Each structure stands twice: as C-alpha cells, then as structure tokens.
Amino acid sequence: MLDDHDDIHPLFAGAPATTEFKKLRKRIVRYTREAIEQYGMVEQGNERPRWLVCLSGGKDSYTLLAVLHELQWRGLLPVDILACNLDQGHPGFPATVLPEFLARVGVPHRIEYQDTYSIVIDKVPAGRTFCALCSRLRRGNLYRIAREEGCSAVVLGHHRDDILETFFMNLFHGGRLATMPPKLVNEEGDLFVYRPLAHVAEVDCEKFAKALNYPIIPCDLCGSQDGLQRQQVKQILDGWEANSPGRRQVMFRALMNARPSHLLDPKLFDFAGLMRGSEKLDANPDEIPTLR
C-alpha cells in the first residue's frame, strides 16, 4: 500500500520510485509505529487526541511530520495533528519557508513568533553555550501553545541518535544513567511529551528529507558554537560506528535492556536485603561478566 503512487499524501509528492527509497520509507514508518505502540502514545478515551507536532524546519522534524501523516492517512494513528513552528527570532531566520510549505501540502499549522533569541543573548555569559536556556524557553512556549490549541501532547522529532548522545552526555558530564525518554509527562502534569522517532536512525531521517527535497532550515544559533558537549559525544560515537558498524544500534538496545541488579543503585535494587538462598538472580551465572 505504501508503494501505490496513485494514492499518496502531499507530503510525499515527488517521492523517488526507487526500491531503496521504498525500503527506507517502510523502515521509518515501521519503527515509528513500533515506538508509538510500544510506549502507549495514543491515549484511550472518548475524545480523539490532538497532537502538537513541533516543526523546526530540520530534517528530523520534517521526517516526523511526514511519517505521522502517513500513519494517520492509513488509519493507523487515530489522532488529530497540528504542526507548529516557534520562530524564536534568530537573525536571518527564513520566516516564510515553513508557512508556505505547510500551506502547500495542506497541513493544519500554527506559526508562533517569540523573540527568545534576545533573551538568550542577554542572559548567557560570553563563551557559554546557549542550548540549556534556549531549550527551556522553547519548551515553555510550546507547552503554552499546546494548551491554547487543546492538544494533549507535544510531539518532538528526536531520533535514536539524539537519545543515545544524551545518554552519553549524562554519563560523561552528569554522572548519571539517563536520557530523553520516548514518553513523559511535563512537570505540571497536564501534557504528554512524545518522541515517536525514538527507534529511527539519524541517517535515515537525513536520507528521507533529502530524497523528498524538503526545505531544510539550519539552526544557526546552536550550530555555530564550537566545542559543544553534544558535538564531542557525536564525534566519539561516529568513531565507534566507523570502527564497528552497527555499534550504535547495539548500544541503543542496551537502553531497552537494563538490569538493576547488575548496576550499583540501591534505590533501584535492594542489595542490602539480598540473602543467600532466598533470592533469584535475574541472569545465569555464566552471563555475569568477570573482571580482568
């Protein structure tokens, strides 16, 4: 059904007819549907959920928007979708690109202008990165917009590699095992935050957006800063992947296969209460790694 070129959503207009692209498209759709189902992203109830799908103009958010509409169009995602772009006042931001694109493909949308750029420039000391404050201001505005539009969830385009990089940033710099979850509730408790691309590789998003010739808008504010922790972690992961292809996916699977009894956090596992002969190990002795 995905290959029927007479039955296509406008977001897929001009899609290549190659076997390679068909496989790419099916893979992204399959992984996205898998994450939505696995993490219970569609609320059950009398009212049809409405999602605020955040669109930055980058390859990841375009991929997210297209795949969610694909699933919705095929009757596999019973939600209403409202695309949203938050124009944060970055100098040179092409403000007409996204409204024109969304109008052309017939996607309901809201464009919001909030000059958070000036706030970030004013508040962040010279030499420091903008990311933390910028994302906090952006998140607050997106939550507000979601409430105003009657949405139950804010939907973001973070993919597998974003999640993996965040894990290593927390490991190297934060001293904790944590990353961006595919589903969470905001601090106020009134909105979900979803990441349906959690299982999708960044390289697939890049190939997808390029194949469909989406009008990509780079993030000049964050991307212009050298030495960001995320860039450093990305370079490390790139090196591992180059030496051992498939390493990223193996590490990502590890995030889905945690064993609290084989870590060191007493809040997650009752080590003090563990007694001989009264507890079952969650792994065979042969599976427990030995120190060398």
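Anything mentioned here points back to the structure above.
Now for a description of the structure that goes with this document. (Residues numbered from 1 in each chain as written. Predicted model: local features only at pLDDT ≥ 70, side-chain atom pairs only at ≥ 80, totals over all residues. Heavy atoms only, no water.)

Okay, the overall build of the protein chain next. Counting its regular elements, the protein chain contains 10 helices and 6 strands. Nonlocal contacts in the protein chain, meaning residues at least 24 apart in sequence, comprise 73% of its contacts between residues at least 6 apart. (Helix = DSSP H or I, 4+ residues; strand = E, 2+ residues; numbered from the N terminus. Contact = heavy atoms within 4.5 Å.)

Quick look at a nonpolar patch on the surface now. On the surface, a cluster of nonpolar side chains totalling about 510 Å² of accessible area is made up of Leu 171, Phe 172, Leu 177, Ile 236, Trp 240 and Leu 263. The topology assignment puts Leu 171 in helix α6 (residues 160-174). (Patch = residues over 30% accessible without salt bridge, like charges linked within 9 Å, V, L, I, M, F, W, Y side chains within 5 Å. Areas by Shrake-Rupley, 256 points an atom, 1.4 Å probe, with all protein chains shown as cover. Salt bridge = Lys/Arg side-chain N within 4 Å of Asp/Glu carboxyl O.)

With that settled, the discussion passes to helix α2 (residues 59-73). Counted at 1.5 Å a residue, the expected span for α2 with its 15 residues is 21 Å, and the 21 Å between its end C-alpha atoms agrees. Across the 15 residues of α2, 13 count as buried, placing the element largely inside the fold. Positive phi appears at Gly 75, one or two residues downstream of α2, with a value of about 80°. (Expected span 1.5 Å × (residues − 1). Buried < 20%, exposed > 50% of the residue type's maximum accessible area, 1.4 Å probe, protein only.)

Two side chains carrying opposite charge are able to pair once their charged atoms lie near each other. This model, assessed by the stated rule, comprises 22 salt bridges. For Arg 48, the salt bridge goes to Asp 80, with nearest N and O atoms at 2.7 Å. Separated by 32 residues along the polypeptide, Arg 48 in the loop between α1 (19-38) and β1 (50-54) and Asp 80 in strand β2 (residues 80-87) bring together distant segments of the chain. With a relative accessible area of 45%, Arg 48 lands in the partly exposed category. Taking the relative accessible area as the measure of exposure, Asp 80 reaches 32% and is therefore partly exposed. Its salt-bridge partner being Arg 144, residue Glu 112 comes within 2.8 Å of it at the nearest N-O pair. Here Arg 144 lies in helix α5 (residues 131-148) and Glu 112 lies in strand β3 (residues 109-113), a separation of 32 residues in the sequence. A relative accessible area of 25% means that Arg 144 is categorised as partly exposed. Each of the salt bridges in this network shares a partner with another, and the network as a whole consists of Arg 50, Arg 110, Glu 112, Arg 144, Glu 148 and Glu 149.

Turning to helix α3 (residues 97-105), its buried residues number three or more, namely Leu 98, Phe 101, Leu 102 and Val 105. Buried residues along α3 cover an arc of 95° about the axis, so they all sit on one side. Turned more than 90 degrees off the buried face of α3, the exposed positions are Glu 100, Ala 103 and Arg 104. Positive backbone phi, at 75°, marks Gly 106, one or two positions downstream of α3. (Arc of directions from axis to C-beta.)

Counting buried positions along β1 gives 4 out of 5 residues, so the element sits mostly inside the fold. Examined bridge by bridge, β1 and β2 share 5 bridges and lie parallel to one another. By the bridge assignment for β2, Trp 51 is matched with Ile 81. Taken together, β1, α2 and β2 form a β-α-β motif whose crossover is right-handed. Bridge count for β1 against strand β4 (residues 153-155) is 3 bridges, and the pairing is parallel. Paired with Val 53 across the two strands is Val 155, which belongs to β4. (Pairing = 2+ DSSP bridges. Right-handed = clockwise from strand over helix to strand, strands pointing away.)

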